[in-house]
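Read off the chains here:
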Amino acid sequence: MNAPFPFGFPLPTAFYLTLYVLTLVIHVLFVSYALAGTGYLAAVHFLPGHPSAPRHKGPAAQTLRDWMPLGLSGAITAGVAPLLFIQILYQRSFYTANLLLFHRWMAILPVLIAGFYLLYLLKSRRAAEGPAWRGGALALAAWLCFAFTGYSWTENHLLSLQPGAWPAFFGAGSYFFWTAALLPRLSLWAAGTIPVMALLVCWQLWLGGVGSPAEVRRLAALALLGLLLSALAAAGYGTLLPPGAREFASGGAGAPYLGLALIGWMFQAGIWLTFWSKPDLRPGLLAAASAGALLSVLGMTVLREGVRLASLPVERLYALHEQAARVGGLGVFLFFFVLNAALVGWCVVLARKGGAPEGAKPSPGKEEDFREALERR
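Residues numbered from 1 in each chain as written. Predicted model: local features only at pLDDT ≥ 70, side-chain atom pairs only at ≥ 80, totals over all residues. Heavy atoms only, no water.

A. Fine view of the side chain of Arg 308. Looking at the secondary structure, you find Arg 308 in helix H13 (residues 283-311). The class of Arg 308 is buried, set by a relative accessible area of 1%. At 2.8 Å, the side chain of Arg 308 forms a polar contact with the side chain of Tyr 20. Among the polar contacts listed, one links the side chain of Arg 308 to the side chain of Glu 305, at a separation of 2.9 Å. When sequence neighbours within four positions are dropped, the list of residues in contact with Arg 308 reads Tyr 20, Ile 86, Tyr 90, Phe 94, His 157 and Leu 161. (Helix = DSSP H or I, 4+ residues; strand = E, 2+ residues; numbered from the N terminus. Buried < 20%, exposed > 50% of the residue type's maximum accessible area, 1.4 Å probe, protein only. Polar contact = N/O pair within 3.5 Å; in protein donor to acceptor, adjacent residues only side chain to side chain. Contact = heavy atoms within 4.5 Å.)

Now the structure itself:
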């Protein structure tokens, strides 16, 4: 396959692959906020810094605490669309119902529910104003819930790529699936969430007109660390890929996206270095970093799909994709997609206006006004 992804596939298959990748990118953005955000909250609670300006009471931590339930809700909701498209694309190997056949995968449901309620406890007054260890314990527990979910999804994904291993695994009643690619792959995506979270929080700080230079520099350092760790994990994971997946990444289908991911990575690294040396949030630089992050996430998501396409005989399913495309309903889907996107955006605007101090413009504002608004809420 020499045409850039997804042009080398029949039209129905390319259509579903495109929708799958784009919706998965949206899901990754929300997941980054929830996973790396709870990790940040746990770290600043257990490492609060100087008592006169504790890190866990800074605008970045307060913003994360306040918006984290919405971030997790977005991650769960945005995860539905790729789950629907993936079962059309790969049928038996990635049926969503597969999760209901094994209690090990089903464990993510109660774990996610527990994590969701922990986020509300974390933003309560008792946690925010109590001792640092209390908020740190809640944030760490929530992070463990989300990390377990990511670990389980990675296990499930890698097992689903190896149908030959299913009889032995399920026949033995095993609880955990191990392969050498598990940790590098999991590390790649976990580390990659850090710069995305830092970017989203910086946008929130800029919109609120808050955020000290120390916080911006801390977020920039974290983003740089995440970029470095994700690059190391990607290099390790790349050495474990099967020949077909390497051929995809280096060939005409995947090489353009590998280039996009690298360009986005370098773009982000340069801008975060700028913020670290001069911690002044400028919207132009934030927009450029956002473009870099989107390029990296999009490129890595397509390469991730290339591993699956190289492992499963998707060409046998072309006829089923064509049959699914003839069912119709695209107009209804697009109508509700636009409608729901507008409603979600409207709700965010309403929530933001409701959080602004009375009689004050919602953005930008003083740091003290922002804190008072959060406390009143």
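B. Region of the structure containing the pattern of salt bridges. Applying the stated criterion to the full structure yields 7 salt bridges. The salt bridge partner of Glu 155 is Arg 104, with a shortest N-O separation of 2.3 Å. With Glu 155 in helix H7 (residues 132-160) and Arg 104 in helix H4 (residues 103-106), this pair connects stretches of sequence that are 51 residues apart. The residues Glu 155 and Arg 104 share a single accessibility class, namely buried. Measuring nitrogen to oxygen at the nearest pair gives 2.8 Å for the salt bridge that ties Arg 125 to Glu 129. Here Arg 125 pairs with Glu 129, and both are found in helix H6 (residues 125-129), just 4 residues apart, close to one helical turn. Glu 129 sits in the partly exposed class, given a relative accessible area of 48%. (Salt bridge = Lys/Arg side-chain N within 4 Å of Asp/Glu carboxyl O.)

C. Representation of the packing of aromatic side chains in the model. In this structure the tally under the stated criterion is 14 aromatic pairs. With a centroid separation of 6.1 Å and an interplanar angle of 85 degrees, the aromatic rings of Phe 5 and Tyr 257 are classed as edge-to-face. Pair noted here: Phe 5 is in the segment before helix H1 (11-46) and Tyr 257 is in helix H12 (residues 255-277), with a separation of 252 residues, a long-range link. In this structure Phe 5 comes out as buried when scored by relative accessible area, which is 3%. Taking the relative accessible area as the measure of exposure, Tyr 257 reaches 15% and is therefore buried. (Phe/Tyr/Trp six-rings, centres within 6.5 Å; stacked < 30°, edge-to-face > 60°.)

D. Inspection of the packing of H1 against helix H14 (residues 318-325) at higher detail. In contact at an axis separation of 8 Å, H1 and H14 are set at 75 degrees when each is read in the N-to-C sense. One way to sum up the angle between H1 and H14 is to call them roughly perpendicular. Across the interface between the two elements, Pro 12, Thr 13 and Tyr 16 from H1 touch Tyr 318, His 321, Glu 322, Ala 324 and Ala 325 from H14. Taken together, the residues of the contact of H1 with H14 sort by class into 5 nonpolar, 2 polar and 1 charged. (Axes fitted to C-alpha atoms, helices over the stretch in contact; angles between N-to-C directions. Parallel < 35°, antiparallel > 145°, perpendicular 65-115°, else oblique. Nonpolar A, V, L, I, M, F, W, Y, C, P; charged D, E, K, R; others polar.)

E. Structural context of the environment of Gln 91. Counting through the fold element by element, Gln 91 comes out in the loop between helix H3 (80-90) and H4. Polar contacts involving the side chain of Gln 91 include one to the main-chain carbonyl oxygen of Ile 88, which spans 2.9 Å.

F. Local environment of the nonpolar core. Counting 45 residues, the largest nonpolar core has Leu 64, Phe 146, Val 201, Trp 272 and Phe 275 as its most contacted members. Elements supplying a minimum of two residues to this core: H1, helix H2 (59-78), helix H5 (108-122), H7, helix H9 (182-208), helix H10 (213-238), H12 and H13. The element best represented in this core is H1, accounting for 8 residues. Residues contacting Trp 272, with those up to four places away along its chain left out, are Pro 195, Ala 198, Leu 199, Cys 202, Leu 219, Ala 220, Ala 223, Leu 224 and Leu 227. (Core = buried A, V, L, I, M, F, W, Y, C linked by side-chain atoms within 4.5 Å.)

G. Molecular detail of the environment of Ala 97. With respect to the helices and strands, the residue Ala 97 is situated in the loop between H3 and H4. For the pair Ala 97 and Leu 295, spaced 198 residues apart in sequence, the C-alpha separation works out to 32 Å.

H. Fine view of a nonpolar patch on the surface. On the surface, Val 332, Phe 335, Phe 336, Leu 339, Leu 343, Trp 346 and Leu 350 cluster together into a nonpolar patch covering about 700 Å² of accessible area. If you trace the backbone, Trp 346 turns up in helix H15 (residues 330-355). What makes Trp 346 exposed here is its relative accessible area of 53%. (Patch = residues over 30% accessible without salt bridge, like charges linked within 9 Å, V, L, I, M, F, W, Y side chains within 5 Å. Areas by Shrake-Rupley, 256 points an atom, 1.4 Å probe, with all protein chains shown as cover.)

I. Looking closely at helix H11 (residues 243-250). Those residues of H11 lying buried are Ala 245, Phe 248 and Ala 249. Considered in projection along H11, the buried side chains sweep an arc of 95 degrees and stay on one side of the axis. Residues of H11 that are exposed and point over 90 degrees away from its buried face: Pro 243, Glu 247 and Ser 250. Against the buried residues of H11 lie H12 and H13. (Arc of directions from axis to C-beta.)

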